[in-house]
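Chain by chain, the residues run as shown.
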Amino acid sequence: ETGVTQSPTHLIKTRGQQVTLRCSSQSGHNTVSWYQQALGQGPQFIFQYYREEENGRGNFPPRFSGLQFPNYSSELNVNALELDDSALYLCASSLSGAGWTEAFFGQGTRLTVV
Amino acid sequence: QQQVKQSPQSLIVQKGGISIINCAYENTAFDYFPWYQQFPGKGPALLIAIRPDVSEKKEGRFTISFNKSAKQFSLHIMDSQPGDSATYFCAASVNTGNQFYFGTGTSLTVIP
């Protein structure tokens, strides 16, 4: 088991609603990336936060937004939910700065939009 | 556009056999190539990774072969075991920067 924890584990939302997913990074890690994994597909990079600033973004619309807190935990917010947003959302933490280290993934949050 | 292409989509291997999964990439800026293993209901877990300055890396039963000129890399699982049954993803990034492009995954089933 990694030290990356995500909450909640499962979530059901209605189309048009907003959702917030949370990620607690591994101790000592200062970088968090979020990924969306649709059923049967590989994870797709949403964005990354490094020292509380967005540090790269994939091909996702602005209704996907995030935050990183001083303790390096992070939130992913999705507004105006669409049915296609149903997926497993993964966060991965790593240590950036003095050389790179491997990324550790959490167990994910399964979001279902109905 | 799929930055990293992975094949096969599924693979069935007898216990004790060799499992081989292949990936290809286009972006020559990629310089870190990890393989992740994912069990149902779990997040991906790093299995083994390679940088393009070496052509092969071995850790236990797992080996990555890397061909920089062909822009291809592969995972070999020797002496495959039923416990290896999982989905495997190749990925690529720049500077291990935790901004990975993943392949589409290979579902491996090892038959006892």
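Rules behind the numbers
Residues numbered from 1 in each chain as written. Chains lettered and ligands numbered in written order. Predicted model: local features only at pLDDT ≥ 70, side-chain atom pairs only at ≥ 80, totals over all residues. Heavy atoms only, no water. Helix = DSSP H or I, 4+ residues; strand = E, 2+ residues; numbered from the N terminus. Rg over C-alpha atoms; globule rule 2.2 N^0.38 Å. Buried < 20%, exposed > 50% of the residue type's maximum accessible area, 1.4 Å probe, protein only. Contact = heavy atoms within 4.5 Å. 1 Å grid on protein atoms, 1.4 Å probe; cavity = no way out; pocket = protein on both sides within 12 Å on 5 of 7 lines; lining within 4 Å. Points joined across faces, edges and corners; volume = space filled by probe spheres on them. Nonpolar A, V, L, I, M, F, W, Y, C, P; charged D, E, K, R; others polar. Disulfide = S-S within 2.5 Å. Pairing = 2+ DSSP bridges. Buried area = accessible area lost by both parts, 1.4 Å probe. Salt bridge = Lys/Arg side-chain N within 4 Å of Asp/Glu carboxyl O. Polar contact = N/O pair within 3.5 Å; in protein donor to acceptor, adjacent residues only side chain to side chain.

A.B. asks: What is the right way to read the overall build of chain A from this model?
C.D. replies: Counting its regular elements, chain A contains 0 helices and 11 strands. Secondary structure of chain A in N-to-C order comes out as β-β-β-β-β-β-β-β-β-β-β. Here the C-alpha radius of gyration of chain A, 13 Å, is about what a compact globule of 114 residues would show, namely 13 Å. In terms of principal-axis extent, the alpha carbons of chain A reach across some 45 × 30 × 25 Å. The buried share of chain A, reckoned over its 114 residues, is 46%. Sequence-distant contacts in chain A: of pairs separated by 6 or more residues, those separated by 24 or more amount to 54%.

A.B. asks: Would you mind going over the layout of surface pockets with me for this structure?
C.D. replies: A water-sized probe, rolled over the atoms, reveals where empty space remains. By volume, the largest pocket is sized at about 550 Å³. Considering the residues around the largest pocket, the lining is formed by 27 residues, among which A:Pro43, A:Gln44, A:Phe45, B:Phe100 and B:Tyr101 are closest to the centre. Counting residues per element, the lining of the largest pocket draws most heavily on strand E5 (residues 44–50) of chain A, at 3 residues. Class assignment of the residues belonging to the lining of the largest pocket gives a composition of 10 nonpolar, 16 polar and 1 charged. Together, 20 residues line the second largest pocket, and A:Gln37, A:Gly40, B:Gln38, B:Thr87 and B:Phe89 are the ones closest to its centre. Looking at the lining of the second largest pocket, the elements with two or more residues in it are strand E9 (86–92) and strand E11 (106–111) of chain B. Here the lining of the second largest pocket is built from residues that sort into 6 nonpolar, 12 polar and 2 charged.

A.B. asks: Explain the state of the cysteines to me, please; I cannot follow it from the model alone.
C.D. replies: In protein structure, a disulfide is the covalent linkage between the sulfur atoms of two cysteines. Residue and element names in this part refer to chain A. According to the stated counting rule, one finds 2 disulfides over all chains in the structure shown. Paired by a disulfide, Cys-23 and Cys-91 hold their sulfur atoms 2.0 Å apart. Disulfide Cys-23 to Cys-91: torsion about the S-S bond roughly 75 degrees, handedness right-handed. A residue pair is termed long-range when its members are at least 10 positions apart, and Cys-23 in strand E3 (residues 19–24) and Cys-91 in strand E9 (residues 87–94) qualify at 68 residues.

A.B. asks: What is the right way to read the pairing of strand E4 (residues 33–38) of chain B from this model?
C.D. replies: Along any regular strand, the residues point their side chains to alternate faces of the sheet. Residues and elements named next belong to chain B. The buried fraction of E4 amounts to 6 of the 6 residues, a majority that puts the element mostly inside the structure. The side-chain alternation of E4 yields two buried faces, one formed by Phe-33, Trp-35 and Gln-37 and the other by Pro-34, Tyr-36 and Gln-38. Here 5 bridges tie E4 to strand E5 (residues 45–50), and the two strands are oriented antiparallel to one another. Across the sheet, Gln-37 pairs through a bridge with Ala-45, a residue of E5. Alignment of E4 against E9, held across 4 bridges, turns out to be antiparallel. Paired with Tyr-36 across the strands is Phe-89, a residue of E9.

A.B. asks: Any chance you could explain the interface of chain B and chain A here in plain terms?
C.D. replies: Where the parts come together, the accessible area they lose is often given as the size of the interface. Taken together, the 18 residues of chain B in the interface contact 25 residues of chain A. In total, chain B and chain A occlude about 1500 Å² of area from one another, counting both sides; carbon and sulfur atoms represent 50% of this. Interface area lost by chain B to chain A is led by B:Asn98, B:Gln99 and B:Phe102, which between them contribute 34%. The tally of links between chain B and chain A comes to 0 salt bridges. At the surface where chain B touches chain A, the tally comes to 10 residue pairs in polar contact (both at pLDDT 80 or more). Considered class by class, the residues forming the side of chain B that touches chain A number 7 nonpolar, 10 polar and 1 charged.

A.B. asks: Can you walk me through the pattern of salt bridges in this structure?
C.D. replies: Side chains bearing opposite charge may pair, as long as their charged atoms lie close to each other. Scanning the entire structure with this criterion turns up 8 salt bridges over all chains. Residue A:Glu75 pairs with A:Arg22 through a salt bridge whose shortest N-O separation is 3.5 Å. Here A:Arg22 lies in strand E3 and A:Glu75 lies in strand E8 (residues 74–78), a separation of 53 residues in the sequence. Judged by its relative accessible area of 15%, A:Glu75 falls in the buried class. The salt bridge involving B:Arg61 is made with B:Asp84; its shortest N-O contact spans 2.8 Å. Of this pair, B:Arg61 sits in the loop between strand E6 (56–59) and strand E7 (62–67) while B:Asp84 is found in the loop between strand E8 (72–77) and E9, placing the two residues 23 residues apart along the sequence. Given a relative accessible area of 5%, B:Asp84 falls into the buried group. Through salt bridges with shared partners, a single ionic network connects A:Arg63, A:Glu82 and A:Asp85.

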